[in-house]
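As a plain string of letters, each chain reads:
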Amino acid sequence: MVAIASLGGLAQEKKNDLHTLLWQISGNGLQKPSYLFGTIHMICSEDALLSDSLKNAIRNSDVVYFEVDMDNLFEMLGVVRKMKMRDDTTLADLLDKADYDKVKNYFQDKGTLLPFSILETYKPLLAASMLMENGTECQSPEAMEEVILKEAKRNGKRVKGLETMAYQMSIFDTIPYKMQALQLVKYVDDADKGQTDNKEYDKLLQAYKDQDLSKLEELTKTTDMGISNFTDILLYNRNQNWVEKLKTILPDQAVIIAVGAGHLPGEKGVINLLRKAGYTVKPVPNKLRRANQI
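Just so it is clear, the model here is predicted, and its values are computed rather than measured. (Residues numbered from 1 in each chain as written. Predicted model: local features only at pLDDT ≥ 70, side-chain atom pairs only at ≥ 80, totals over all residues. Heavy atoms only, no water.)

**Re the overall build of the chain**
- Scanning the chain from N- to C-terminus turns up 15 helices and eight strands.
- Taking all 294 residues of the chain together, the buried fraction comes to 51%.
- Within the chain, counting contacts between residues at least 6 apart in sequence, those at least 24 apart form 81% of the total.
- Taken as a whole, the chain presents about 14900 Å² of accessible surface, with 52% of it coming from carbon and sulfur. (Helix = DSSP H or I, 4+ residues; strand = E, 2+ residues; numbered from the N terminus. Buried < 20%, exposed > 50% of the residue type's maximum accessible area, 1.4 Å probe, protein only. Contact = heavy atoms within 4.5 Å. Areas by Shrake-Rupley, 256 points an atom, 1.4 Å probe, with all protein chains shown as cover.)

**Considerations on the nonpolar core**
- Ranked by size, the top nonpolar core spans 89 residues in total, and within it Leu 36 and Leu 274 carry the most contacts.
- No other element matches the seven residues that helix α11 (residues 177-192) contributes to this core.
- Setting aside chain neighbours within four positions, we find Leu 274 in contact with Ile 25, Leu 36, Val 243, Leu 246, Leu 250, Tyr 279 and Val 281. (Core = buried A, V, L, I, M, F, W, Y, C linked by side-chain atoms within 4.5 Å.)

**Focus: the pairing of strand β4 (residues 63-66)**
- Going residue by residue along β4, you find Val 63 and Tyr 65 tucked away on one face and Val 64 and Phe 66 tucked away on the opposite face as well.
- Looking at chain direction, β4 and strand β6 (residues 158-161) are connected through four bridges and run parallel. In the strand pairing of β6, Val 63 is matched with Arg 158.
- Alignment of β4 against strand β7 (residues 255-260), held across four bridges, turns out to be parallel. Across the sheet, Val 64 pairs through a bridge with Ile 256, a residue of β7. (Pairing = 2+ DSSP bridges.)

**Considering the pattern of salt bridges**
- Counted by the stated rule, this structure contains 14 salt bridges.
- Arg 86 serves as the salt-bridge partner of Asp 173, at 3.5 Å between the closest nitrogen and oxygen. Pair noted here: Asp 173 is in the loop between α10 (165-170) and α11 and Arg 86 is in the loop between α4 (79-83) and α5 (91-94), with a separation of 87 residues, a long-range link.
- Of the residues examined, Asp 173 reaches a relative accessible area of 19% and is grouped as buried.
- Here Asp 189 ties to Lys 102 by a salt bridge, and the two come within 2.8 Å at their closest N and O atoms. You can see Asp 189 sitting in helix α11 and its partner Lys 102 sitting in helix α6 (residues 97-110), a full 87 residues away along the chain.
- Connected through salt bridges with shared partners, the residues Glu 67, Glu 163 and Arg 238 form a single ionic network. (Salt bridge = Lys/Arg side-chain N within 4 Å of Asp/Glu carboxyl O.)

**A look at helix α9 (residues 144-154)**
- Three or more residues of α9 are buried, namely Met 144, Glu 145, Val 147, Ile 148, Leu 149, Glu 151 and Ala 152.
- A positive backbone phi angle near 65° is found at Gly 156, which sits one or two residues after α9.

**A word on the environment of Gln 31**
- For Gln 31, the position within the fold is in the loop between β1 (22-26) and β2 (34-39).
- We classify Gln 31 as exposed; its relative accessible area is 69%.
- A polar contact is formed between the side chain of Gln 31 and the backbone oxygen of Gly 29, at a distance of 3.4 Å. (Polar contact = N/O pair within 3.5 Å; in protein donor to acceptor, adjacent residues only side chain to side chain.)

No statement about biological role is implied by the geometric values presented.
In structure tokens form, the structure reads like this:
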């Protein structure tokens, strides 16, 4: 009976606990709890809200860790240069004329902020991600990381990064540019058939707003520019690196860890890796209160 009850409890936890973006990290000798929060890189400003639970966690923290140090202006200004392909490579070098013209026309029709002459020098998966995120139908899109950064600064908290921008951009150099370019062509082809484009990112946004990590995990793998082909490089290896680093960070301070929500769920996600490392990781209610709500 005890075994059955335990299994029932585990099933109940798995069913319910993935509907939050905020998680408490405790146990394993920690003197103070830390918190893990899943972000999204672009969301409508009216939805870019912080719950009272997250605000309180930030207020009681010693330091806020993002994927990269967002308070390092020098590093952030250098990101554009690091987004470019090596050796002055452009899309024209990677695609035949028909595919190149197809992609060029698609970008130009979308009216992106940057001219195609610049975008075609970017690592193709990065260019496509920018295109997808810029396709949101928002009057004023905002990054959740920026909202959390403002709250951290408002409370006088130190800000650090789990990895450098140089490392993050170098990851895309380990995936052959030709393969990335062909993935970009597929994205454009699917968009022309009405099978992708804004609809896919809208699904990701809705899953994020629903705080449904299981759905986010599924969509990240199937819709986010073919990420399923590169999950070890883009997600799992980095998750493991972060947890190894957190083992040295967590014992001495209360930390907020704010990373992309797609890194949290799954067997190789940050939540499970922290649990396997001996920490207790529990879901925390993350209810949002909008200004028009009583």
